[in-house]
Structure formats: structure tokens, C-alpha cells
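Structural overview for review
Chain by chain, the residues:
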Amino acid sequence: FIQPLLAMRWESYEPHLRRMAALGLKQVVFQWTTAHGYSLYPSRMYRQERGLPDGDAWLGGVLSVASGLGLQVWLGLGACGAITEDHYHSIDEFAQRCCDTATELVERYGREEAFVGVYVPSELEEPPVALTSALLGSVVSHCHSLEREVLYSTRKPRLVPEGRHYEFI
């Protein structure tokens with residue numbers, strides 16, 4: 001896993017991606033690309049936070065370098081649900097945001113060889129079990145219509161990140 005806020009502190013992502021490839025990793029999960037109304041890429045729906053790299057320079061660069069190293073990258077969707085989704089158990093809005101983000105990512109980065117699919121970062125919010133299947137059904141169906149595979153993790157067993165946030169014990 002690459003946690004974006006930590007990765008953006010790196011002087012350069014290239015040595016880290018090279019190290020991942022040297023460790024024999026084949027697939028990398030970029031944990032999320034949108035959160036709290038902001039995106040890590042130029043978006044029609046989300047703002048870009050000041051201080052984030054301009055345009056496609058950062059996320060596009062990560063995908064380009066990963067491609068050259070033979071790494072496959074899963075781009076994470078939305079990192080957070082709305083407060084009302086927690087209180088009223090409605091996931092329609094969260095699912096729609098995930099679908100919209102997936103559409104934008106495929107439109108923007110679909111030609112990048114390293115971009116193999118999308119990741120639903122549900123471990124960040126842990127929606128109620130009954131809603132998880134509805135969320136996944138909607139998002140997975142949409143992503144498959146975009147000809148992208150979907151990766152989804154469970155919270156157990158819980159991996160403890162060590163090292164540079166992409167090594168796990």
C-alpha cells in the first residue's frame with residue numbers, strides 16, 4: 001500500500017517505486033485518490049488542494065515510473081464517506097462518488113499500462129456489513145462497465161505497516 005499523504009512527503013517517488021520493484025512486488029495499491037472534496041489529480045468534481053503537485057505531474061508520474069518498472073497499480077477511490085452516511089446508513093452518495101472517481105481515473109489514466117484497476121478503500125470508513133454488499137455491488141458493476149477490475153480489502157487480518165509504508169510484517 002502507498003498512503004498518499006505520506007508519499008507526498010517523499011522528495012521523489014521514483015526511488016521508492018524502484019525499491020518496491022527490487023523487493024519483488026508486482027502490484028501496488030495507491031490507497032485513495034480523493035478525500036473530503038479534494039483530489040490528487042485534475043478533476044471536474046473535486047478541488048485540488050494547494051500544495052499538491054500541479055496537474056497530472058505527480059499521479060501521472062507515479063503511473064509512468066511504475067509502468068517502466070513492471071509494477072501494476074490499483075488506484076484507490078474515495079477515502080471518506082459523508083457524516084450523514086454513517087448516521088442514516090445511506091451509501092448511495094458514497095457509491096456514486098466512488099463511481100464518478102473511477103470514471104475520471106479511467107478517462108485520465110486509462111491508457112497507462114501500470115493502471116490495472118481500482119481499489120475501494122472501505123477499511124478507512126468500515127461501513128456497516130449490510131451496506132458493504134450494496135456499495136460493492138454498485139461500484140464493482142460500474143467499474144466492470146469501465147473495463148477495470150476492482151480490489152477490495154477486508155479489515156482482518158489487520159496488517160501493520162512498517163518501514164516506508166509499503167512493507168508489511
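Look up a bit, the structure's there.
Below or above, wherever it landed, is the structure these notes cover. Residue numbers here run from 1 along each chain, matching the order of that chain's written sequence. Where totals are concerned, whole chains, interfaces and linings use all residues; where local detail is concerned, this predicted model gives features only for residues with pLDDT of at least 70, and gives and counts side-chain atom pairs only at 80 or more. Side-chain metrics in this entry use all non-hydrogen atoms of the structure; hydrogen atoms and water are not considered.

As for the overall build of the protein
Segments assigned H or I by DSSP are reported as helices when at least four residues long, segments assigned E as strands when at least two residues long, and all are numbered from the N terminus. Assigned secondary structure in the protein consists of six helices and nine strands. Within the protein, counting contacts between residues at least 6 apart in sequence, those at least 24 apart form 74% of the total. Only the protein chains shown count as covering a residue, and every accessible area follows the Shrake-Rupley method with a 1.4 Å probe. As displayed, the protein offers around 9,300 Å² of accessible surface, 52% of which is attributable to carbon and sulfur atoms. Residue contacts follow a heavy-atom distance rule, with two residues in contact if any of their heavy atoms lie within 4.5 Å.

Brief notes about the pairing of strand S6 (residues 115-120)
The buried label goes to any residue with under 20% of its type's maximum accessible area, the exposed label to any with over 50%, and the partly exposed label to all in between, with areas taken from a 1.4 Å probe on protein chains only. Counting buried positions along S6 yields five of six residues, so the element is predominantly enclosed. For two strands to pair, DSSP has to find at least two bridges joining them. With four bridges connecting them, S6 and strand S7 (residues 149-152) associate as parallel partners. Within S7, the position partnered with Gly-117 by the bridge is Glu-149.

Details of helix H2 (residues 14-22)
Along H2, the residues that are buried comprise His-16, Leu-17 and Met-20. Taken end-on, H2 shows its buried residues confined to a sector of 100°, consistent with a single buried face. Those residues of H2 hidden inside the fold are in contact with strand S1 (27-30) and helix H3 (57-68). A positive backbone phi angle near 90° is found at Gly-24, which sits one or two residues after H2. Working definition: the arc comes from the directions between the helix axis and the C-beta atoms, pointing outward to the latter.

Points about H3
Between its first and last C-alpha, H3 extends 16 Å over 12 residues, near the 16 Å set by a 1.5 Å rise per residue. Of the positions making up H3, those classed as buried are Trp-58, Leu-59, Gly-60, Gly-61, Val-62, Leu-63, Val-65 and Ala-66. Note on H3: the residue one or two positions beyond its end, Gly-70, has a positive phi of about 75°. Expected helix span is given by 1.5 Å per residue-to-residue step, counting one fewer step than there are residues.

Some points on the sheet that holds S6
With respect to topology, four strands assemble into an open sheet ordered S1-S5-S6-S7, the strand pairing being parallel. Looking at strand neighbours, the two that pair on one side only are S1 and S7, the edges of this open sheet. In this sheet, adjacent strand axes meet at a mean angle of 30° when their direction is disregarded. Relative to strand S5 (residues 72-76), S1 runs parallel, the two sharing four bridges. Axis angles are defined between N-to-C directions and span 0 to 180 degrees, where every axis is a line fitted to C-alpha atoms and, for a helix, only to the segment in contact.

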